[in-house]
Structures are given as structure tokens and as C-alpha cells.
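Spelled out, the chains give:
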Amino acid sequence: MSWSLMEALTAENDYNQHIRRFLNILLGDDPDTAHLELIDNYNAQEAALRDQLLQLVQESLSRSDEFLYRISESRDRVAFAVEQKSQLKHQLEKIANSTAHP
């Protein structure tokens, strides 16, 4: 289960990186595409559509970041539970061995 959570976390992080790059391209902050004029800034209708798209992408990214945070928290809890189980198993084995061989 912990491994599946780690894979989901990695996949979501990769997705976030693509969304962040897309957002940077739209904002004109991407160094590889900054020289391109993707939208005519003098056209008010295109600018309004771009602003709506930017808002949707930012909301999506925010939700994705929240999902990553929750998955990471869950993974940490699972890892903690697995560690506790392992420690409990070792303690019970010690007790079983000490009572079996007095």
C-alpha cells in the first residue's frame, strides 16, 4: 500500500510539473517560449479568455497540490503504522522466546 501511494505521489508530482510549465508558458515566464507572442495583448476578448484559462489552470494546480499533500500525509501514516507493526512483532517474538525458554 505504501508503494502504491508513493507511485501515486510521483505521478501526481509529474503532472503538476507539466501544469506549472503550461502556466508559465501562458504567463510568458517560460524561458524557452518567452520570445513568442502567444496571445495578442491588444485584443481584449483574447486577453479575457486567457485570464479565464489562467484562473482555471491555477485552480487545478491548487487542487493538485492539495491532493499531493494529502497523499504524502497518508503515505507517512502508512509508513508509521508499518514501522509500529514491525516493532510490535519483534517485541512479541522476544516475549514468546523468553517464556518458551525460562
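Everything in this summary refers to the structure shown in the same document. Positions within a chain are numbered from 1, following the residues in the order the chain's sequence is written. Restriction of local features to residues with pLDDT of at least 70 applies here, the model being predicted, together with a cutoff of 80 or more for giving and counting side-chain atom pairs; totals for whole chains, interfaces and linings are based on all residues. Water and hydrogen atoms play no part in the side-chain values, which are based on all heavy atoms of the structure.

With respect to the overall build of the protein
Here is step 1: Regarding its fold elements, the protein presents two helices and zero strands.
Here is step 2: When accessible area is computed with a 1.4 Å probe and restricted to protein chains, residues below 20% of their type maximum are described as buried, those above 50% as exposed, and intermediate ones as partly exposed. Every one of the 102 residues in the protein was classed for burial, and the buried ones make up 19%.
Here is step 3: For the protein, the proportion of contacts with a sequence separation of at least 24, taken over those separated by at least 6, is 77%.
Here is step 4: Note on areas: Shrake-Rupley with a 1.4 Å probe; residue coverage comes only from the protein chains shown. For the protein, the exposed area adds up to about 8100 Å²; of that, 56% sits on carbon and sulfur atoms. Think of it this way: any DSSP run of H or I at least four residues long counts as a helix, any run of E at least two long counts as a strand, and we number them from the N terminus. Here, two residues are considered to be in contact whenever any of their heavy atoms come within 4.5 Å of each other.

Here's the deal with the pattern of salt bridges
Two side chains of opposite charge can pair, provided their charged atoms sit close to one another.
Here is step 1: The rule for a salt bridge is simple: a side-chain nitrogen of Lys or Arg has to be within 4 Å of a carboxyl oxygen of Asp or Glu. The full count for this structure, using the stated rule, is one salt bridge.
Here is step 2: Its salt-bridge partner being Glu 73, residue Arg 77 comes within 3.8 Å of it at the nearest N-O pair. Residue Arg 77 and its partner Glu 73 are both found in helix α2 (residues 44-100); the two are separated by four residues, about one turn of the helix.
Here is step 3: For Arg 77, a relative accessible area of 57% puts it in the exposed group.

Points about a nonpolar patch on the surface
Here is step 1: On the surface, a nonpolar cluster with roughly 290 Å² of combined accessible area is contributed by Leu 88, Leu 92 and Ile 95.
Here is step 2: Mapped onto the elements of the fold, Leu 92 is located in helix α2. Grouping into patches uses exposed residues only, defined as over 30% relative accessible area, and leaves out salt-bridged ones; the cut-off is 9 Å for like charges and 5 Å for nonpolar side chains (Val, Leu, Ile, Met, Phe, Trp, Tyr).

Quick look at the environment of Ser 64
Here is step 1: Tracing the sequence through the fold places Ser 64 in helix α2.
Here is step 2: Ser 64 sits in the buried class, given a relative accessible area of 5%.
Here is step 3: Sequence spacing of Ser 64 and Tyr 15 is 49 residues, and the spatial spacing of their C-alpha atoms is 8.6 Å.

Regarding the nonpolar core
Here is step 1: Throughout, nonpolar core names a set of buried Ala, Val, Leu, Ile, Met, Phe, Trp, Tyr and Cys residues whose side chains join them through atoms within 4.5 Å. Ranked by size, the top nonpolar core spans six residues in total: Ile 19, Leu 23, Leu 26, Leu 54, Val 57 and Leu 61.
Here is step 2: Sorting the residues of this core by element identifies α1 (2-27) and α2 as the ones contributing at least two each.

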